[in-house]
Amino acid sequence: MSKTPKAPKHLRTWLRGGATALAAVASLVLLPFAASPAQADSSAIPSGMTWTVLAKGTNGTVRVGADASTDAYNGDTAATATLPLLCLRVNGSAVPAGITPDFYAGWSRGTVAATPPVLGKSLTSRAAADAICAQYYGADWREAEFHDGRYGANLEASGGWSFWAYGYVPEGTRFWTAINDQPANPWN
C-alpha cells in the first residue's frame, strides 16, 4: 500500500490553526473574486438616470440635462422613487435665435413636457415609458433620451448631457430620462 504524501510544512502549520487558518487562506484566495454587495444581492433595487432644468431661454425654450446629481452610467435615483417622466415630441422645429447647438447642449428639434409623477418600477422598458408619454400627450410623444440633442450644420450629429427644446417643465424637479447606451434606466 502506498503512503499518502505529506503536505508541505508551511501548509501543515496553516492547517493546524484550524478554522482560523482556513478562513485566512480563503480570504486570500477568494477575496479578489468575491461578488460585490450589489452582485451578491439579486434583489437590489435598480436605479434610473434623472435630469433637471438647467436654463430657461427666450421664446419658450428650456434647457434640460444632467447636473451634479446625475449618474448617466449607473442611474442616480432608485426605481422606488416617484418622479415625472421627461417626454419629447420631435417635430423638426428649426433652431430658434439665441441658441447655438453644440455637443453638450444640442437642439432637440421639438418640444418637451413632464408627466405627473411616475413610480420608477413601473418603467419596465423603453416602450412602457414611451407609452406613458403618449398617454398624456399623444401618439407622437416619447420619453426623452440622453442623446436627443442635435448639432452641426444640418443638425446631423447627436450630442449628449443636455439639450434645448420648446416647452415648459417645472424647475427644481428631477425627471426620469432614458439613456440608450448605458444600464442607467429603471428597467436595467
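Owing to the predicted nature of the structure, the values given are computational and were not obtained by experimental measurement.

1. Details of the state of the cysteines
One covalent bond between the sulfur atoms of two cysteine residues makes up a disulfide.
Here is step 1 of the chain: Evaluation of the coordinates by the stated rule reveals one disulfide.
Here is step 2 of the chain: Each disulfide pairs two cysteine sulfurs, and for C87 the partner residue is C133, the sulfurs being separated by 2.0 Å. The disulfide joining C87 to C133 has a torsion of about -80° about its S-S bond and is therefore left-handed. With C87 in strand β6 (residues 86-90) and C133 in helix α4 (residues 126-137), this residue pair connects regions lying 46 residues apart in the sequence.
Here is step 3 of the chain: For C87, a relative accessible area of 0% gives the class buried.

2. Regarding the pairing of strand β7 (residues 106-114)
Here is step 1 of the chain: Of all nine residues that make up β7, eight are buried, and the element is covered over most of its length.
Here is step 2 of the chain: Both β6 and β7 contribute to a ladder of five bridges, which runs antiparallel. Counted as the bridge partner of R89 is T111 from β7.
Here is step 3 of the chain: Where β7 meets strand β12 (residues 162-167), four bridges bridge the pair, whose relative direction is parallel. Counterpart to V112 in the pairing with β12 is G167.

3. Digging into the nonpolar core
Here is step 1 of the chain: The biggest cluster of nonpolar side chains holds 19 residues, and the ones touching the most others in it are M49, W51, V64, L86, V112, F163 and V169.
Here is step 2 of the chain: Put simply, the parts of the chain that give this core at least two residues each are β2 (50-56), β3 (61-65), β6, β7 and β12.
Here is step 3 of the chain: Grouped together as the second largest cluster of nonpolar side chains are eleven residues, L85, A113, I132 and W141 included.

4. A word on the confidence of the model for the protein
Here is step 1 of the chain: Across the protein, the average pLDDT comes to 84, with 77% of residues at or above 70.
Here is step 2 of the chain: Under a pLDDT of 50 for its full length, residues 10-42 has, in the predicted model, nine contacts with residues more than four places off or in other chains.

5. Thoughts on the packing of aromatic side chains
Here is step 1 of the chain: Across all of its chains, the model carries nine aromatic pairs by this definition.
Here is step 2 of the chain: Between W51 and F146, the aromatic rings sit 6.1 Å apart at their centres with planes inclined by 55°, giving tilted as the arrangement. Separated by 95 residues along the polypeptide, W51 in strand β2 and F146 in the loop between β9 (142-143) and β10 (150-151) bring together distant segments of the chain.
Here is step 3 of the chain: A residue is classified by how much of its surface remains accessible, and W51, at 0% relative accessible area, is buried.
Here is step 4 of the chain: According to the relative accessible area criterion, F146 is buried, its value standing at 6%.

6. Focus: unusual backbone geometry
Here is step 1 of the chain: Unlike most non-glycine residues, R109 shows phi in positive territory, near 65°.
Here is step 2 of the chain: Within the secondary structure layout, R109 lies in strand β7.
Here is step 3 of the chain: R109 sits in the partly exposed class, given a relative accessible area of 28%.
Here is step 4 of the chain: Despite not being glycine, W161 has its phi angle at roughly 80°, a positive value.
Here is step 5 of the chain: Inspection of the secondary structure assignment puts W161 in the loop between β11 (157-158) and β12.
Here is step 6 of the chain: You can call W161 partly exposed: its relative accessible area is 28%.

Conventions we followed
- Residues numbered from 1 in each chain as written.
- Predicted model: local features only at pLDDT ≥ 70, side-chain atom pairs only at ≥ 80, totals over all residues.
- Heavy atoms only, no water.
- Disulfide = S-S within 2.5 Å.
- Helix = DSSP H or I, 4+ residues; strand = E, 2+ residues; numbered from the N terminus.
- Buried < 20%, exposed > 50% of the residue type's maximum accessible area, 1.4 Å probe, protein only.
- Pairing = 2+ DSSP bridges.
- Core = buried A, V, L, I, M, F, W, Y, C linked by side-chain atoms within 4.5 Å.
- pLDDT = per-residue confidence, 0-100.
- Contact = heavy atoms within 4.5 Å.
- Phe/Tyr/Trp six-rings, centres within 6.5 Å; stacked < 30°, edge-to-face > 60°.

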